[in-house]
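# Examination of the molecular architecture
Residues per chain are reported as follows:
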Number of protein chains: 2
Amino acid sequence: MAQQIPAPLGRGPKRNLFAHVVASLGLRIIKGELSPALPFPKEADLGAEFGASRSVIREAVKSLAARGLIASQTRTGIRVLEPLNWNLLDAEVLNWRYSTMPQAEFYSELFEIRLLIEPEAARLAAIRGNAAEIATIAQAFAAMSEAARTETSGVAADLSFHRAILAAAHNALLLQMGNLIAVGLDIAHRLSRESFAVFLPMHQRVLDAIIARDSDAAGSAMRHLLSETQEFMNRLIRT
Amino acid sequence: MAQQIPAPLGRGPKRNLFAHVVASLGLRIIKGELSPALPFPKEADLGAEFGASRSVIREAVKSLAARGLIASQTRTGIRVLEPLNWNLLDAEVLNWRYSTMPQAEFYSELFEIRLLIEPEAARLAAIRGNAAEIATIAQAFAAMSEAARTETSGVAADLSFHRAILAAAHNALLLQMGNLIAVGLDIAHRLSRESFAVFLPMHQRVLDAIIARDSDAAGSAMRHLLSETQEFMNRLIRT
DNA sequence: TATTCACATATTATCTGATAATATGATAAA
DNA sequence: TTTATCATATTATCAGATAATATGTGAATA
């Protein structure tokens, strides 16, 4: 039986048109190729460029508008908003930004926030976390250890560890910062697989402090973990 | 000349259908009336309910999806995502949440973050802010003083003041937190008009420290301003 | 009985073409 | 010079169609 022709490939993805248009325009905006100063193509032009119907273009525009990147108005057309309005904590925007910014700059910006957020989160987790939440943190740590032992990727477990701490801090807005951490860990683990095992003991110290309900120790253990990671990454990036 | 009939008012806004559908569904999701456990109405049903075409419904769905509230898939339909995925820092989501949560709870959550972010931002502003940026902070403060003198609403100036400090800290992710502050100030100024003049001197102390490039003083002045505001609000809410 | 496979079906994804609303700029009037 | 009127360009909304795809059903099989 003749294998089905795999893709139409007129020129690019035809199956996920919407996602493709969103990502393509989003990236162009973050790069600055489309800016508030420049005129934005109108729906019809975008449709022609992407080979998409107006529906798809309009849905993509609404998606980008919801992220604060653009706004659209009858007769006026579409325009790029000032970066001030961009939802930088949106996972997509975060990734687009990461892929276009100088790595060192992005990373220092990111860690500045993590150092602000996570020690306090660890502190609160030690105070407010209930048994189940602390168990979740412990489980994530166990998964990290197991990954280190079997030398498999522990990035998911690492993320779970940090997210579980945010969750145990009982502040929904804090939990939101998980996106930041996700990107940070993703970069870290892509740059260096081994970083992982090195930092395991520091994670353990955070966990132990939380279990012991020692909030100050939890905070400083987390601060220590992050500073060391940051320094480690800086060395890596520089070389 | 007969005045034009002002609105079709079949039942609700007909002019901004898209925005209406987004707000309506968004609110229902935040309230929990639509949850991950429950089945979500399909596009056709939503269209019937809102008296809107499928295009409008689909655009609204994409807008909510971009905020992490829902996801949609062929054949499976639409489903509400876990609150973990919600973009809580999105201005709309923030407002929906504010209007449905117990005020005291929302407020304490909010201030926990502000106390985390803003003192450090003030500290960084004192170190990194350039002349123009510091001038912007000063201008905002002048506008606040003027508003206090003329007893007009200074909420815009207040917001400008805090945003200008975030901007002077030179970290785009930090600047993002401006949305939080906007909601916080909005609530504060709605609860009490006079709070404004009372806190003017504390704002001044922050400004002065930044001008003097005294980072530690700027940080503690900001911390002081926020704690006092929080306590003031707590008293107001309790009564 | 349990597992695998083929297939009908329900729902979103995309396309097409039309009408309505509205902000802008041009034109005319004051 | 300012104000009022109007044509126009662009998005907003509607309507109806076809395509793609995940799910469950039932048949075939071990």
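Residues numbered from 1 in each chain as written. Chains lettered and ligands numbered in written order. Predicted model: local features only at pLDDT ≥ 70, side-chain atom pairs only at ≥ 80, totals over all residues. Heavy atoms only, no water.

Here we come to the confidence of the model for chain A. Mean pLDDT over chain A: 92, with 94% of residues reaching 70 or higher. Long-range and interchain partners of residues 1–12 of chain A, a stretch whose pLDDT sits below 50, account for 3 contacts in this model, where long-range means more than four residues apart. (pLDDT = per-residue confidence, 0-100. Contact = heavy atoms within 4.5 Å.)

With that settled, the discussion passes to the protein's contact with DNA strand C. In the vicinity of DNA strand C lie 25 residues, with Ser53(A), Arg75(A), Lys42(B), Arg58(B) and Arg75(B) positioned nearest. Here Arg75(A) contributes a side-chain N or O atom positioned 3.2 Å from a base oxygen of DNA strand C. In this structure, Thr76(A) approaches DNA strand C through a side-chain N or O atom, which is 3.3 Å from a sugar or linking oxygen. Elements supplying a minimum of two residues to the surface near DNA strand C: helix H1 (17–31) and helix H3 (54–66) of chain A together with helix H3 (54–66), strand E1 (70–73) and strand E2 (77–80) of chain B. If you tally residues by element for the surface near DNA strand C, the top one is H3(A), at 3 residues. Tallied by class, residues from the surface near DNA strand C come to 5 nonpolar, 11 polar and 9 charged. (Near = heavy atom within 4 Å. Polar contact = N/O pair within 3.5 Å; in protein donor to acceptor, adjacent residues only side chain to side chain. Helix = DSSP H or I, 4+ residues; strand = E, 2+ residues; numbered from the N terminus. Nonpolar A, V, L, I, M, F, W, Y, C, P; charged D, E, K, R; others polar.)

Turning to the protein's contact with DNA strand D, a few remarks are in order. Near DNA strand D lie 25 residues; those nearest to it are Lys42(A), Arg58(A), Arg75(A), Ser53(B) and Arg75(B). Among the atoms of DNA strand D close to the protein, meaning within 4 Å, 64% are from sugar or phosphate groups. Between DNA strand D and Lys42(A), the relevant distance is 2.8 Å, taken from a phosphate oxygen to a side-chain nitrogen or oxygen of the residue. Gly51(B) places a polar main-chain atom, nitrogen or oxygen, 3.4 Å from a phosphate oxygen of DNA strand D. Those elements that provide at least two residues to the surface near DNA strand D are H3, strand E1 (70–73) and strand E2 (77–80) of chain A together with helix H1 (17–31) and H3 of chain B. Tallying contributions element by element places H3(B) first for the surface near DNA strand D, with 3 residues. Looking at the surface near DNA strand D, its residues break down into 5 nonpolar, 11 polar and 9 charged.

Further remarks concern the domain arrangement of chain A. All names here are of chain A. According to the domain assignment, chain A contains domain 1 (1–100) and domain 2 (103–238). Carbon and sulfur atoms supply 66% of the area that domain 1 and domain 2 bury against each other, a total of about 790 Å² over both sides. The largest contributions to the domain 1 side of the interface with domain 2 come from Leu89, Leu94 and Tyr98, which together make up 74% of the buried area. Viewed at the interface, domain 2 and domain 1 are joined by 1 salt bridge. Taking the shortest distance from any N to any O, the salt bridge between arginine 97 and glutamate 109 comes out at 2.2 Å. (Domains from an automatic or database assignment. Buried area = accessible area lost by both parts, 1.4 Å probe. Salt bridge = Lys/Arg side-chain N within 4 Å of Asp/Glu carboxyl O.)

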